Every structure is written in structure tokens, then in C-alpha cells.
Amino acid sequence: MRDNLLDTNSLMDAAVSTGVVSELVLKELDNLKNSHGAKGYKARRAINHLLENFEDYDFKGIGIENSPEVDNRLLEIAKSSNQTLISNDKMVHLLGKIYGVNVESYEVPKLEVEASEGIRYIDEEELAEIVENIQIKHPHFFELEHDKIPTMEDVIAFQRQYQIILPEKYIQ
């Protein structure tokens, strides 16, 4: 099967485990990886699969020289100057393996967030009072994807279903 040229969908559908991958397929996966939903997920999964199973695939027609694309230019510079490229982009890691360029990931620092206001749980009666005040002051507050403002029963049912917690600043 390693002599078969693979189309993008064969990789995205995880239908193959070996074969020849062209530059066109890699470009298409790179363009699709940020798509919403299943398409983006499958493209990212295919890129990760190629990266993790690199030895099972042959890569053809892939060149970085004089390419206008930023990732390829960075790989070209890193290769010509014998430097390590730092990136968390999985496609850059895959292309680095193909081109023989060392690519390393970096750790994203975690942000510390302090809670300046506490959380107070409210009961159904308090919620009903708040909702009534909001409906009076801002009648369009509860309009979502339809023109109907929900009844108090609708709001209470919603609170029970989704365990609503309103921030302190919204509680009178």
C-alpha cells in the first residue's frame, strides 16, 4: 500500500495507515485544520497521525525553497542556519521532520485568575424575582432565537435543568 498516492479524505477518514503523501495533501490538511466541527477535527487528527506514524509514509513533491508561505520560509531559514524552530503547530512539526529541521514545542504559561467576587447560589423564588425585574426593565433580555419572551415557569425549568448561578453583581 506504500506505493499508493493518498488523497486528503483517506487520511482524514483514517482509512489508511501507510502510503505516499503529496505536498498538495499537506497544504489541504493545513488549510482545513482550523475549520469548525468534524472537518477541522479530522484534519488535526490526520496531521497528528502522520506525525506519530511518520516512518509509515513517504512524502513526495514537498519543497520549502523560495516558498511564500510563512511556515515554509521559517523552516527554510532554520534549515539554512542550522537552528531549531520553536512552534506548537503540529503541521510545522511534521514539515520539520520531512525537511530534516529540528522543531521543538514550547510550554504556554498558565494564567492565574483571582476571583474578586464570590458566588452565591440562589433559590427559585430569588431567581423568579430577579427575572421579573429584568423582564420589566429589559423586556428583550430573554429573547434568544425566537420572538417569545419565556414565562417564569420556563425560566425556573431552565434553572433546574442547567443549574444557573448568577454572579453577585446581578443579584439585588
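What you see is a predicted model; the values in this text were computed from it and never measured.

Chemist: Give a detailed account of the overall build of the chain, specifying residues and quantitative values.
Modeler: Counting its regular elements, the chain contains seven helices and four strands. Each helix and strand of the chain, ordered N terminal to C terminal, gives the series α-β-α-α-β-α-β-α-β-α-α. Counting every position in the chain, which comprises 172 residues, the buried fraction comes to 33%. A fraction of 50% describes how many contacts in the chain between residues 6 or more apart in sequence connect residues 24 or more apart. A total accessible area of about 12200 Å² is found for the chain, and carbon and sulfur atoms account for 51% of it.

Chemist: Pulling in residues and values, what's your account of the pattern of salt bridges?
Modeler: Per the stated rule, a full pass over the model turns up five salt bridges. Linking Lys-27 and Glu-23 is a salt bridge whose minimum nitrogen-to-oxygen distance equals 3.8 Å. Taken together, the residues span about one helical turn, with Lys-27 and Glu-23 both in helix α2 (residues 23-32) at a distance of four residues. When the shortest N-O distance is used, the salt bridge between Asp-89 and Lys-33 registers 2.8 Å. Here Lys-33 lies in the loop between α2 and α3 (37-52) and Asp-89 lies in the loop between β3 (85-86) and α5 (90-99), a separation of 56 residues in the sequence. Exposure remark for Asp-89: the relative accessible area of 23% places this residue in the partly exposed category. A cluster of three or more residues bridged by salt bridges with shared partners is formed by Asp-30, Lys-33 and Asp-89.

Chemist: Tell me what's going on with the packing of aromatic side chains, and back it up with residues and numbers.
Modeler: Across all of its chains, the model carries one aromatic pair by this definition. Aromatic side chains Phe-54 and Phe-59 sit 5.2 Å apart centroid to centroid with 15° between the ring planes, which places their arrangement in the stacked category. Looking at Phe-54, the relative accessible area reads 16%, which means it is buried. Since its relative accessible area comes to 16%, Phe-59 is described here as buried.

Chemist: Break down the packing of helix α4 (residues 70-80) against α5 for me, with residues and values.
Modeler: Contact pair α4 / α5: the axes reach a minimum separation of 11 Å and the direction vectors enclose 40°. The angle between α4 and α5 places the two elements in the oblique class. Helix-helix and strand crossings are classified by hand; for α4 and α5 the assignment is right-handed. Every residue of α5 that contacts α4 at Asp-71, Asn-72, Leu-75 and Lys-79 is listed here: Val-92, Leu-95, Gly-96 and Tyr-99. Classifying every residue of the contact of α4 with α5 by side-chain character gives four nonpolar, two polar and two charged.

Chemist: Could you give an account of the environment of Tyr-99, naming the residues involved and the relevant values?
Modeler: Here Tyr-99 lies in helix α5. Sequence separation between Tyr-99 and Glu-76 is 23 residues; the distance between their C-alpha atoms is 8.7 Å.

Chemist: Account for the nonpolar core, naming residues and giving values.
Modeler: Of all hydrophobic cores here, the largest spans 27 residues; its most connected members are Leu-11, Val-21, Leu-29 and Leu-50. If you list the elements that add at least two residues to this core, you get α1 (8-12), α2, α3, β2 (57-60), α4 and α5. Ignoring any residue separated from it by four or fewer positions in sequence, one finds Leu-11 in contact with Leu-6, Val-16, Val-21, Val-25, Leu-29, Ala-46, Leu-50 and Tyr-57.

Chemist: Before we move on, could you go through α4 and cite the residues and values that matter?
Modeler: Since the α-helix turns once every 3.6 residues, residues separated by three or four places project in the same direction. Where α4 is concerned, the buried positions are Asn-72, Leu-75, Glu-76 and Ala-78. In a view along the axis of α4, the buried residues occupy a sector of 165°, so they form one face of it. Opposite the buried face of α4, by more than 90 degrees, sit the exposed residues Val-70 and Ser-80. Tucked inside the fold, the buried residues of α4 contact β3, α5 and β4 (103-104).

Chemist: Help me get a handle on unusual backbone geometry, residues and values and all.
Modeler: If you check the backbone angles, Asn-82 has positive phi at about 55° while not being a glycine. Topologically, Asn-82 is positioned in the loop between α4 and β3.

About the criteria used
- Residues numbered from 1 in each chain as written.
- Predicted model: local features only at pLDDT ≥ 70, side-chain atom pairs only at ≥ 80, totals over all residues.
- Heavy atoms only, no water.
- Helix = DSSP H or I, 4+ residues; strand = E, 2+ residues; numbered from the N terminus.
- Buried < 20%, exposed > 50% of the residue type's maximum accessible area, 1.4 Å probe, protein only.
- Contact = heavy atoms within 4.5 Å.
- Areas by Shrake-Rupley, 256 points an atom, 1.4 Å probe, with all protein chains shown as cover.
- Salt bridge = Lys/Arg side-chain N within 4 Å of Asp/Glu carboxyl O.
- Phe/Tyr/Trp six-rings, centres within 6.5 Å; stacked < 30°, edge-to-face > 60°.
- Axes fitted to C-alpha atoms, helices over the stretch in contact; angles between N-to-C directions.
- Parallel < 35°, antiparallel > 145°, perpendicular 65-115°, else oblique.
- Left-handed = near helix turned anticlockwise from the far one by under 90°.
- Nonpolar A, V, L, I, M, F, W, Y, C, P; charged D, E, K, R; others polar.
- Core = buried A, V, L, I, M, F, W, Y, C linked by side-chain atoms within 4.5 Å.
- Arc of directions from axis to C-beta.

Function cannot be inferred from these measures alone, as they are strictly geometric.
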